[in-house]
Structure formats: C-alpha cells, structure tokens
Amino acid sequence: MFKTLYVRDAFQCEEGLEVELIGWIRSKRRHGKLIFLDLRDSTGIIQVAVKHGVADNESFMKALDIGLESSVKVKGRLKKDPRAPGGLELHCNHLEIVGPSLEDFPIKKGVGLKFLLDNRHLHLRSPRVAIIMKIRATLMDIARRWLRENGFVEVNCPTFITAAVEGGATLFKVDYFGKPAYLTQSVQFYQEAAIYSLEKVYSLQPSFRAELSRTRRHLTEFWHLEVEMAYADLYDIMKVIEELVYAIVNGLNKESEREIRTLGRELRPEMAEPPYPRIRYSEALQILQSKGVNINWGDDFGADEERILSKEFSKPFFVTHYPKEAKAFYHMPDPSNPSVCLNADLLAPGGYGEIVGGGQRIHDYNLLTERIRENNLNPEEYRWYLDLRKYGSVPHSGFGLGIERMLWWLLHLPHIRSACLFPRTPARVYP
Ligand code: NSS
C-alpha cells in the first residue's frame, strides 16, 4: 500500500517503505538507463532515481522526456544512498505527469535580475524565495501573538482616506469618489479613534507611498504593523517597541531557525535584547557631521544618513526628539523644548536604518489645530481627527513597523523587494 507523503516526512521514514510523492521537477540528469529527477514540494527536495527496468517502460519514457517544473506523482521505494542529497532517494516504479510544462521553463541559472523580477510569478518556485515567505509568515504570526498576549486588540482600518497622515508628497491619488481621496500611508488616525473604546490596538495591513526615492529599502506598497495605546507617553511606547522587536527576533530564532540557517544567516537574540541605546536627533546630527556628512539642523535623515549612522551601532537604537519641521504635524512637541518633538525612530544596526517610526501624539485640541495650520494644511480636512480631541482626549502614543524592512534587516536581504511575494516599487507594478 503506497502512502502519499510530503518530502520532509519521507526523510523521517524507514528505508524500503513504498511511498507516493507529489511535487514539481526541479532538475533532471541522465546517465544512460538511469535518470535522476529532483522532486520539489513545499517542504523540501528529494532525488528520484528512474531506472529502466525498476520503473515501468512508460514511466521511464516520460522521465526521459519530462520538462522542468512539470507537476508529477511518483510512486516507489525509499532507499538510503550516501551520494544522494540528504542521504535518501526514491527509487521510482511509476511516474504520472499531472501537468506538463508546455514550454522550456524560462528561469535558468545566469538569467539577470530584471528577468527574474519580470517573471516573479515563476521565480516564486525557487526554494530560497519560498523560505523567505515562510519566515515572513512566522514573523507576522509571532508579532500578532505577542500583541494579543499583551492586551492589544486587532482592528482593520480603511485603505481609502481623505487627508495625508505622513505629508502630501507621497500620497497616491484615487479618482473615484467625486472628491479627493488617497490610498492610506498609515492607519494611525483610525487607530487613534479606536483607542477611546479599545485603549490598546494594532493593525497589520498594507500602506502605500508614492515614493520619491528609489533605494534598496523603499517600496510603494508595504505591510505595516501599527500600534496605538491610550495613556502612553513616548517612553512607554519605546518600551513596547523594544519588547516587540525582541519577541520577534527571539521567536524567529526558535521557530524559523532551520529556514534562517538555510539562507546562511543566524539570529542571535542577544543582538536585539532590550534596552536599546537612545540618542537624540542633536547627537545623531553631531555623529553625522563628524563623519563629514553635509547636513543641518532641521533636515530629516534620508537613506544615506541612516546608513552611516546605523553603522556606528551593533544593536537596534532609538533616535528621538527630532526637530518639529522634520516630522508630521501630529507629533507632540517636547514641553521642555517645543522646537523638538516627542518622537522615536528605531534604526537597525549595520547600515540598515529605520525599521520603526512612532512617538507621542498631540492630544490637545487647540495645539493640534495650530500645528495643522503651521503646516499649511486645512483644519477642515482633519475635522474628524480634531473631533477626537474634543471629547475626553487622553495622552496617547503609537508606532508603525515595516514588515519588509524588518525582514530586510534580519535576513540581510540584498534589496527590500526580496521580502515581498510580488514587490511594488516606483519601477514595478507587474506581475
Ligand atoms: O512614516 S513612518 O515612519 N511612520 C508612520 O507612518 C506612522 N504614522 C506610524 C504610526 O505611528 N502608526 O513609517 C513607519 C514605518 C517605517 O519605520 C518603515 O519601517 C516603514 O513604515 N516604511 C516603509 N517600508 C517600506 N517602504 C516604504 N516606502 C516605507 N515607508 C515607511
């Protein structure tokens, strides 16, 4: 009796067991009357030996002819063989083609990066891409679990919005509603509305930025983990960020260790153990100027500045108290020096830069109105957001963590798009 197994489970079986495996043909080699096929499924790769005489004639002829990435069902016996990858192979008795490859599979060794991106729908079959996607799923799962266990309620916010959260320059306009509407850059304002009944909330959903910068860390669509908390000040929210980031690194180290090792990486939880160094914008500016960077008070840090700065650290670190002109209008001014705000960006070490942005929000109605005006925005467009400050307003804080930025850093990916199933960048909206 043949048992249908996943490849990973086949490696746990006794030699001689008769099994059926279902998968796709990753590679093929012929040595006379013996054909080796590498069979891939979602759990691993196993070598299948199709030998004339052991396999029936029809199966041998199919194996001879089979195109790469055809889907197949293979029946046979498991045999130990030290020459086979993983020390085990399947000796095929019968091969059935489920779906043949109608043409030569276009993804081959040596094709260029652009070709791989244009054919991402096929490139996804590469084991490396599949591993990154598994790690990504585990990362999101760990984050959700940690937030739930710590009393945060998941909320789902709208994607269509009517006013900018993070400045007008990166808004995607949507022409449908008969009045200006945009794709959301952040669900922060909706979360701020939700804390009046739920107090501690989070969302995990896409954000959109019509990015002006083409860098290795900018996507036009990214997955945003956002958190908002009533009665929390800047220091409370920094603690939440530290603990969440540590939970993610520690959790991935336990739950995805094998996958991470396959990518040639190793996560050491110590590298993300709180507390994280905290520097102010003014100190960061001094470090940058001492490295010869031409930057002045008030300028925001771009990818280059963050890369230089973050090479000075071996752990994630906070940069706080940015000048108010470098940050969006909703940030709370520091009462002891209102020219800076109570914000915190978390930067990943080693040149990776910002992975989290957040801080304390203005909860006073008049101050928020004033800041909206100072930013040359129209308070009328923020009417419902201002309304929240009219009825029982409380101090509150929150942050947003970019899922792809986090993976980019933790897995040392060459480009942030490697963290996406189908990346969206200024230069790519297909496939
Ligand atoms: O602009 S942020 O710094 N902050 C916000 O959007 C706040 N409104 C979030 C909040 O407090 N609820 O973006 C937050 C994070 C940032 O640190 C990155 O990790 C990620 O979102 N982010 C991006 N990832 C990929 N590509 C792009 N373009 C991008 N922009 C931000």
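Residues numbered from 1 in each chain as written. Predicted model: local features only at pLDDT ≥ 70, side-chain atom pairs only at ≥ 80, totals over all residues. Heavy atoms only, no water.

Chemist: Explain the sheet that holds strand β8 (residues 160–161) to me, please; I cannot follow it from the model alone.
Modeler: Neighbouring strands of a sheet are bound in pairs by backbone hydrogen bonds; such pairs are parallel or else antiparallel. With antiparallel pairing, the three strands of this open sheet are ordered in space as β8-β10-β9. With partners counted over all chains shown, the strands left at the sheet margins are β8 and β9 (172–174), one partner each. (Pairing = 2+ DSSP bridges. Helix = DSSP H or I, 4+ residues; strand = E, 2+ residues; numbered from the N terminus.)

Chemist: Help me understand the confidence of the model for the protein chain in this model?
Modeler: Parts of the model with low pLDDT should not have their predicted coordinates read in detail. Averaged over all residues, the pLDDT of the protein chain is 97; the fraction at 70 or higher stands at 100%. No element of the protein chain has a lower mean pLDDT than strand β1 (residues 3–5), at 92, and none a higher one than strand β19 (residues 396–402), at 99. (pLDDT = per-residue confidence, 0-100.)

Chemist: Explanation requested: the site of the ligand in the structure shown.
Modeler: As a matter of local geometry, the ligand sits amid 23 residues, with Glu166, Gln188, Glu211, Glu226 and Glu354 nearest to it. Note that an oxygen atom of the ligand is positioned 2.9 Å from one of the side-chain N or O atoms of Arg209. Elements supplying a minimum of two residues to the shell around the ligand: β12 (221–230), β18 (353–360) and β19. Its residues assigned to classes, the shell around the ligand comprises seven nonpolar, eight polar and eight charged. (Near = heavy atom within 4 Å. Polar contact = N/O pair within 3.5 Å; in protein donor to acceptor, adjacent residues only side chain to side chain. Nonpolar A, V, L, I, M, F, W, Y, C, P; charged D, E, K, R; others polar.)

Chemist: What is the right way to read the packing of aromatic side chains from this model?
Modeler: In this description, a pair of aromatic rings is defined by centroid distance and the angle of the planes. According to the stated counting rule, one finds 18 aromatic pairs in the structure shown. Residue placement shows Lys200 over the ring face of Phe152; its charged tip is 4.7 Å from the ring centre. The positively charged end of Lys327 is found above the aromatic ring belonging to Tyr322, 4.4 Å away from the centroid. (Phe/Tyr/Trp six-rings, centres within 6.5 Å; stacked < 30°, edge-to-face > 60°. Lys NZ or Arg CZ within 6 Å of the ring centre and 35° of its normal.)

Chemist: Please clarify how helix α13 (residues 403–410) should be interpreted in this entry.
Modeler: Given 3.6 residues to a turn, an α-helix orients residues that are three or four positions apart in the same direction. Among the eight residues of α13, eight are classified as buried, and the element is accordingly described as predominantly covered. Among all positions of α13, only Ile403, Glu404, Arg405, Met406, Leu407, Trp408, Trp409 and Leu410 are buried. (Buried < 20%, exposed > 50% of the residue type's maximum accessible area, 1.4 Å probe, protein only.)

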